[in-house]
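Structural overview for review
Chain by chain, the residues run as shown.
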Amino acid sequence: MAEETANDTQVAEENEVVPNDEAVQADELVQAEDMAQADELIQGEEINQGDELVHGDDFIQGNELVVAEETTPRTGTRRRRKKSLVWEHFTIEEVAGGATRACCNLCKQTFAYSSGSKIAGTSHLKRHITLGSCPKIKNQEQRLALPSAGGTDNDGEGTVERRTKRRYRYTGYANAAFDQDRSCSYLAKMIIQHDYPLHIVQQQAFGTFIESLQPRFKIVDVDTMEGEVYAVYQKEKENLLQAFNTMPGRISLTIGLWTTSQTLGYVSLAGQFIDSEWKVHRRMLSFMMVSSPHSENALSKAISMTLSDWNMKDKLFTITLDNECSSHDIYSANLRDYLSNKNNLMLKGQLFVVRCYAHILNAIAQDVIASIHGVIYNIRESIKFIKASSAREEKFAEIALQLEIPSTKTLCLDVTTQWNTTYLMLLAALDYKQAFTTLETCVDNYNEAPSGEDWKKVEAACTYLKLLYDSAHSIMASTNPTSNLFFHEAWKLQLELSNGTGHEDPIFSSIAKDMHERFDKYWKDCSLVLAIAVVMDPRFKMKLVEFSYSKIYGAEAGKYVKVVNDSLHELYKEYVAQPLPLTPAYAEQGEANDVAANANATQGNPPSTSDGLLDFDMYLSEIQSSQPAKCELEQYLEESLTPRIQEFDILNWWKLNTLKFPTLSKMARDILAIPMSIVSSGSSIFSAGTGNRMLDDYRSSLRPEIVEALVCAKDWLQYSPAPTEVPSSAMVKTEAS
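Residues numbered from 1 in each chain as written. Predicted model: local features only at pLDDT ≥ 70, side-chain atom pairs only at ≥ 80, totals over all residues. Heavy atoms only, no water.

Details of the packing of aromatic side chains
What describes a pair of aromatic rings is the distance from one ring centre to the other and the angle between the planes of the rings. Tallied over the entire structure, the rule returns 32 aromatic pairs. Look at W87 and Y113: their rings are 5.2 Å apart centre to centre, the planes differ by 85°, and that puts the pair in the edge-to-face class. One end of the pair, W87, is in the loop between β3 (65-66) and β4 (90-94); the other, Y113, is in strand β6 (residues 110-115), and 26 residues separate them in sequence. Y113 carries the same exposure label as W87, and that label is buried. Judged by centre distance (6.3 Å) and plane angle (70°), the ring pair of W523 and Y549 falls under edge-to-face. Here the residue W523 occupies a position in helix α15 (residues 506-535), and Y549 occupies one in helix α16 (residues 541-553), the gap between them amounting to 26 residues. Each member of the pair, W523 together with Y549, is buried. (Phe/Tyr/Trp six-rings, centres within 6.5 Å; stacked < 30°, edge-to-face > 60°. Helix = DSSP H or I, 4+ residues; strand = E, 2+ residues; numbered from the N terminus. Buried < 20%, exposed > 50% of the residue type's maximum accessible area, 1.4 Å probe, protein only.)

A look at α16
Look at α16: 19 Å from first C-alpha to last across 13 residues, which is about the 18 Å you get at 1.5 Å a residue. For α16, the complete set of buried residues consists of K541, M542, L544, V545, S548, Y549 and I552. Here the buried residues of α16 occupy an arc of 155° about the axis, which is enough to place them on one side. Packing partners of the buried residues in α16 comprise α14 (484-500), α15, α17 (557-576) and α20 (632-638). (Expected span 1.5 Å × (residues − 1). Arc of directions from axis to C-beta. Contact = heavy atoms within 4.5 Å.)

Some thoughts on the pairing of β6
Relative to β6, strand β5 (residues 99-104) is paired through 5 bridges, and the arrangement is antiparallel. In the strand pairing of β6, A102 is matched with F111. A loop of 5 residues connects β5 with β6, the two strands running antiparallel in sequence, and K108 in this loop sits at a positive phi of about 70°. With 2 bridges joining them, β6 and strand β7 (residues 118-119) adopt antiparallel strand pairing. Following the sheet pairing, S114 is matched in β7 by I119. (Pairing = 2+ DSSP bridges.)

Let's talk about the nonpolar core
Core analysis: the largest hydrophobic core is formed by 113 residues, its most contacted members being Y357, F436, F487, M536 and W654. The residues contacting F436, other than those within four sequence positions of it, are S382, I386, F396, L411, A429, Y446, A449 and W455. Counting 60 residues, the second-largest nonpolar core is a separate cluster that includes I191, Y266, F287 and L695. (Core = buried A, V, L, I, M, F, W, Y, C linked by side-chain atoms within 4.5 Å.)

As structure tokens, this is what we get:
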């Protein structure tokens, strides 16, 4: 096929003789910028839509674009005999006006061949045969393979010598053998990754499209495609199981609740962990239907089944919930008690249940917005009024200019499900509050301007929404935030809201009290796990806990610091009691220790007896035996803090210090992998926790195992390596004559 494409683009030599009205055969280019289309030749630059298939990357319709100069036939030359093999399948017929047409011997269709001195060539005739355009040729096996035209591919006698030309061909899928099974698998992956419905295979337009790409591909039915989707799910699950078998630490779960239009419930469980290379990963583990997702018993069973299915019964560390209910304490306690009987929970389950930080931010923000919903309604209506016509926008801009309002913010409506857009809308409107009031006096049919008291409420709300907005953006700045980052945001927010409750303005203090009441509940539930996580940051350790607690608790700070310190040491003891795994890092450490011991044995003794310091060596030995060695945790805490630099990578720091702190690094790995937020990378943190997520009607109608396969496989496929069965498509330069 590459040779045929190259022949299609051959250019006739400028000095080639074309006798009388004979055609320049094969792939030669004829007549300046004329395009012979389908059934007739068009003069000049006119283009008529042909009915022929265009092959490869050619943009030539029907017949070939001709650029050779017209030459005057020499007298005395002999008429050349047609040698192109295409004439075994076509017959020349004369038509009115001195033109000729080529008639297909199989289907009797006719195609333009010549009109006077203008020649259409034979490329379009070859395509009619070789690409299956002829209706008499039904499949690939029946298509006739025509050899590409060489130096003798012309309708005259003799050989026209052509200079060697560089040609380009594509390698990869274009040259790969067709495989029905592989194509079905790729179709299933496309459906999974792009959320296409399974019944797309039954759609006529899709079938027509596939047939145009590969006529040999047999469109499968919905049941078969379900099987293909499930096969992809099983294969990716096996790959992930192998990765989990080499996971060095524990895994923490995030739990999401879903509902359907049929009032059925689904529970999604994703696992977060840090691998042997100290990279954070989050993978979907299960998406199963439960009778009552809000029941702790149903949720506990779902967690137990998932852990058993993935062979991780002894690897569970924490779970992160997105629920916000008044009975959270009872819910968490029941969940902890149920799972502690089946799993070995660290620190007696004190760190086991974590509440989603993104959820609490959004819940508080929604409360603030709800407290001034009347004012927000007026502002929305005011913006709608202004945006309704360009004349009103110009009038409003003129008023703002007259009032010398310096703001450059743009008024725009918010998205009610994303509170950050509401905050930005209020912030912009606040700058134009005088313009709204003036507009009300100038325009008779506008009466939605907020009052002075309303604007004070908006100002108070924006003051505290900014704290939530900035905190959310700090978390979003990291692609895969580790747990140590959240303490910085939580303690500052706790302090600001606590101070805000004493604001002298009752409007400000009222909003701050409501916000603090809700956030304080989160702080009491999660401050311990947040504090332990930040201690694992070598830039802060216990120092930041001591500093922040002194700001929050004042004189009672010591009591709370002691709780963190005691829990930290207790957790470390549990890790000390566990045997160190024989990972390459620890094996390397053992080898290094052996080398050092051998070096001391062979080199240390002789110098110590010859340098006259034998008594000194005995003194050092006595000191080391009388003073117990400090544990890794104490050694870590006593070392100076690592400098705070913007590019600091905490996971890389622990990777480099694994040999120094083999046990403590195990603990750090598990703690830093705790998902403090259920919001995955790439999702909006501003819409999390605004209610149970809803499955659409289509997915709700599928069988539960297919729903799970679609959801889980979509998550897994985004991390799968690129397919390697067929080499990637690449343009290769070849030399051909």
